[in-house]
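What follows is the residue order along each chain.
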2 protein chains.
Amino acid sequence: MAEKKLTNDNVEICDCADVHENLVHLVEETMPEETELYDLAELFKVFGDSTRIRILFVLFEAEVCVYDLAEALNMTQSAISHQLKILKQSRLIKGRREGKHIFYSLADDHVRSIIAEGREHIEED
Amino acid sequence: MAEKKLTNDNVEICDCADVHENLVHLVEETMPEETELYDLAELFKVFGDSTRIRILFVLFEAEVCVYDLAEALNMTQSAISHQLKILKQSRLIKGRREGKHIFYSLADDHVRSIIAEGREHIEED
DNA sequence: ATTACTTATGAGCACTTGTTCATATGTTGA
DNA sequence: TCAACATATGAACAAGTGCTCATAAGTAAT
């Protein structure tokens, strides 16, 4: 494939061997939809806060109400409640009402898998 | 186990059945170190941006230099370079110099696994 | 109905983050 | 050495985030 050169302006041109058009096509073919990319980023953003990570680790072990979460993590009820809302919106956890309490638990096992993969990465070498 | 009641002040007390002390102990036993929690959150924070996600999807397919990444994603060289630095610091990608170019590629397969797990989660139901 | 308890939520604030712009650093070839 | 290209980086700014505080909403028991 020919090198890509523009003659009339100052655009900088990188002529990495034959990569340009091929790459653009490859990207167009394999890159997920914009909305999926956005959703993926939003999901990982939820994991990207140590308070939420700590909440998830508690829920790995037990179904827990808001007040107990706050006590176990030594944080205010309000702070925990705000974070639970975010976790719930991402369908990572679910709440079950029982009288005055709402018990939270993991929504499914993806949470465990994702965190396990993350731990593997940071624990190597 | 007895309910927990304080008599002298207004502290609100949740008496979820027998959970308190057990939960605190459980958390102390199973919760990872503070530094690991922090590192985990930092790692997921890196995945929590759609520009970085897009960069990773390109690198799933090929080893690419900065300029081509910028072109493929229709972003400035500077923006891409800043993000590459973050990805490199998290050891998700690595760079290989070849003349004037620096070709970036995935550091290992954890990236693929983590993103695959994320996609599974958002694609269900 | 009133009180006490549990959870949710809105506003405000300090802090973080991603991009742009300008510029520096590094590499190659003439 | 100089010019051109490729990449990295610091400052600045807008936008987003997590906590606190005050308060609302929901539930149960008296």
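Below you will find a few notes about this structure. From a predicted model like this one, the values you see are computed outputs, not experimental measurements.

## Section: the side chain of B:Thr51
- Tracing the chain through its elements places B:Thr51 in helix H3 (residues 50-61).
- Contact partners of B:Thr51, with chain neighbours within four places excluded, come to B:Met75 and B:Gln83.

## Notes on the interface of chain B and chain A
- If you look at the interface, chain B gives 59 residues, while chain A gives 59 residues.
- Both faces combined, the contact of chain B with chain A buries some 5,300 Å², and carbon together with sulfur accounts for 67% of it.
- Summed over the shared surface of chain B and chain A, the result is two salt bridges.
- A:Arg119 is the partner of B:Glu36 in a salt bridge, and the nearest nitrogen-oxygen pair spans 2.7 Å.
- In this structure, the connection of chain B to chain A is made through nine residue pairs in polar contact (both at pLDDT 80 or more).
- Among the elements of the structure, helix H1 (20-30), helix H2 (34-47), H3, strand S1 (64-65), helix H4 (66-73), strand S3 (101-106) and helix H6 (110-123) of chain B are those that each provide at least two residues to the side of chain B that touches chain A.
- At 11 residues, the largest contribution of residues to the side of chain B that touches chain A is made by H6(B).
- Among the residues forming the side of chain B that touches chain A, the class breakdown is 30 nonpolar, 10 polar and 19 charged.

## Structural notes on the nonpolar core
- Ranked by size, the top nonpolar core spans 65 residues in total, and within it A:Phe47, A:Ile53, A:Ile93, B:Phe47, B:Ile53 and B:Ile93 carry the most contacts.
- Discounting chain neighbours no more than four positions away, the residues touching B:Ile53 are A:Leu37, A:Leu40, A:Ala41, A:Phe44, B:Phe47 and B:Ile115.

## Observations concerning the relation of the copies chain B and chain A
- Each copy of the sequence occupies a distinct position, and chain B is placed on chain A by a rotation of 180° and an axial shift of 0.0 Å, giving an RMSD of 0.0 Å. The symmetry that links the two subunits is that of a two-fold axis.

## Comments concerning the sheet that holds strand S2 (residues 93-98) of chain B
All names here are of chain B.
- Sheet architecture is open: three strands sit in the order S1-S3-S2, paired in antiparallel fashion. The strands lining the two open edges of the sheet, one partner per strand, are S1 and S2.
- Across six bridges, S2 lies against S3 in antiparallel orientation. Counterpart to Ile-93 in the pairing with S3 is Leu-106.

Criteria and cut-off values
All residue numbers refer to positions counted from 1 along the written sequence of the respective chain. Written order determines the labels here, with chains lettered from A and ligands numbered from 1. Two thresholds apply to this predicted model, a pLDDT of at least 70 for residue-level local features and 80 or more for giving and counting side-chain atom pairs, whereas whole-chain, interface and lining totals are computed over all residues. To get the side-chain values, take all heavy atoms of the structure and skip hydrogens and water. A run of DSSP states H or I qualifies as a helix once it reaches four residues; a run of E qualifies as a strand once it reaches two. Both are numbered from the N-terminal end. The criterion used for residue contact is that any of the two residues' heavy atoms lie within 4.5 Å. Take the accessible area each of two parts loses on contact, using a 1.4 Å probe, and add the two losses: that sum is the buried area. Any carboxyl oxygen of Asp or Glu that lies within 4 Å of a side-chain nitrogen of Lys or Arg is treated as forming a salt bridge with it. Polar contacts here mean pairs of N or O atoms no more than 3.5 Å apart (in protein, one a potential hydrogen donor and the other a potential acceptor; neighbouring residues in sequence count only if both atoms are side-chain atoms). All residues other than Ala, Val, Leu, Ile, Met, Phe, Trp, Tyr, Cys, Pro, Asp, Glu, Lys and Arg, Gly among them, are scored as polar; the first ten of these are nonpolar and the last four charged. Take the buried residues of types Ala, Val, Leu, Ile, Met, Phe, Trp, Tyr and Cys, join any two whose side-chain atoms come within 4.5 Å, and each joined set is a nonpolar core. Burial classes: relative accessible area under 20% of the type maximum marks a residue as buried, over 50% as exposed, and values in between as partly exposed (1.4 Å probe, protein chains only). Copies are brought into register by a least-squares superposition over C-alpha atoms of residues with pLDDT of at least 70 in both. We call two strands paired when DSSP finds no fewer than two bridges between them.

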